[in-house]
Amino acid sequence: MCTRAFNNWNRAYLATARNMDWMFILPTSLFVLEKGLKKSGLEPVSELEAIASEKTRNPLTWTSSYSSVVAMVGDDCSGWAASDGMNSMGLVANVLYDSGATYGKSACKSKKQLSVLRWLQYVLDKFVLVKEVVDVFSKQEIQIVGAEVPNSEGKTAALHLIVSDISGDWPLSKLRMGFLRSITALTIA
């Protein structure tokens, strides 16, 4: 279970706090990532795996528009998963455990695919405001693809994403079959 608190009562002092109540310690490192980096929504695969998955893989690719500071779970051997971060425009993103999250199968290439482990980084790389995030993911053009949490003994990354911006807006999202099924955008008055 994870917990996140966002204090948006005072627009001059927005604050986010979170904890990660995982069943064991997950190695976590902080990264500073510059804008202009080319990224892929899926892990690279071997040439043989690429041939086998040619009909189902359609990774989302992008170039980061903003720099960011990101907490990543994992290591070079087991892979990395972005868990928390903030971009240079003040957008904050956190992934939290969601036992009901489902991803479905990547059975067709009609949708761009984004690993749940890279979802947070994509949001920090491409958006400034909560409204932009909600608008893009509400279109259902990007499928979030399941993955295992690095260094977790094969545990599925059952996650949802929460973002907040400098205006105090924040949405709560739920994933079902790899697509956002409910987004509640909350704004302070």
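Here goes a summary of the coordinates provided. In this convention, every chain numbers its residues from 1, walking through the sequence in written order. Thresholds applied to this predicted model are a pLDDT of at least 70 for local features of residues and 80 or more for the giving and counting of side-chain atom pairs; totals over whole chains, interfaces and linings are not thresholded and use all residues. Side-chain measures were taken over the full set of non-hydrogen atoms in the model, leaving aside hydrogen atoms and water.

A grouping of Leu30, Val32 and Val69 is seen on the molecular surface, where their side chains present a nonpolar patch of about 320 Å² in accessible area. Helix and strand assignments come from DSSP, with helices taken as H or I runs of at least 4 residues and strands as E runs of at least 2, each series counted from the N terminus. Its place among the elements puts Val32 in strand 3 (residues 28-33). Overall, Val32 belongs to the exposed group, its relative accessible area being 61%. Note that patches include only residues with greater than 30% relative accessible area and no salt bridge, and the join distances are 9 Å for like charges and 5 Å for nonpolar side chains (Val, Leu, Ile, Met, Phe, Trp, Tyr). Using the Shrake-Rupley algorithm and a 1.4 Å probe, accessible areas are obtained, with residue cover drawn only from the displayed protein chains. Put simply, a salt bridge is a Lys or Arg side-chain nitrogen that is within 4 Å of an Asp or Glu carboxyl oxygen. Each residue is placed in one exposure class: buried if its accessible area under a 1.4 Å probe, protein chains only, is under 20% of its type's maximum, exposed if it is over 50%, and partly exposed if it falls in between.

Let's shift gears to helix 3 (residues 130-138). Those residues of helix 3 that fall on the buried side of the exposure criterion are Val130, Val133, Val134 and Phe137. End-on, the buried residues of helix 3 take up no more than an arc of 95°, which puts them together on one face. Immediately beyond the C-terminal end of helix 3, within one or two residues, lies Gln140, with a positive phi of roughly 60°. Directions from the helix axis toward the C-beta atoms define the arc.

What follows concerns the pattern of salt bridges. Within this structure, the stated rule accounts for two salt bridges. With its nearest N and O atoms 2.7 Å apart, the salt bridge here joins Asp125 to Lys39. Here Lys39 lies in strand 4 (residues 38-40) and Asp125 lies in helix 2 (residues 119-126), a separation of 86 residues in the sequence. Each member of the pair, Asp125 as well as Lys39, carries the same accessibility label: buried. Its salt-bridge partner being Lys131, residue Asp135 comes within 2.8 Å of it at the nearest N-O pair. Highlighted residues: Asp135 and Lys131, both in helix 3, separated by four residues, approximately one helical turn. On the basis of relative accessibility, which here comes to 35%, the residue Asp135 falls in the partly exposed class.

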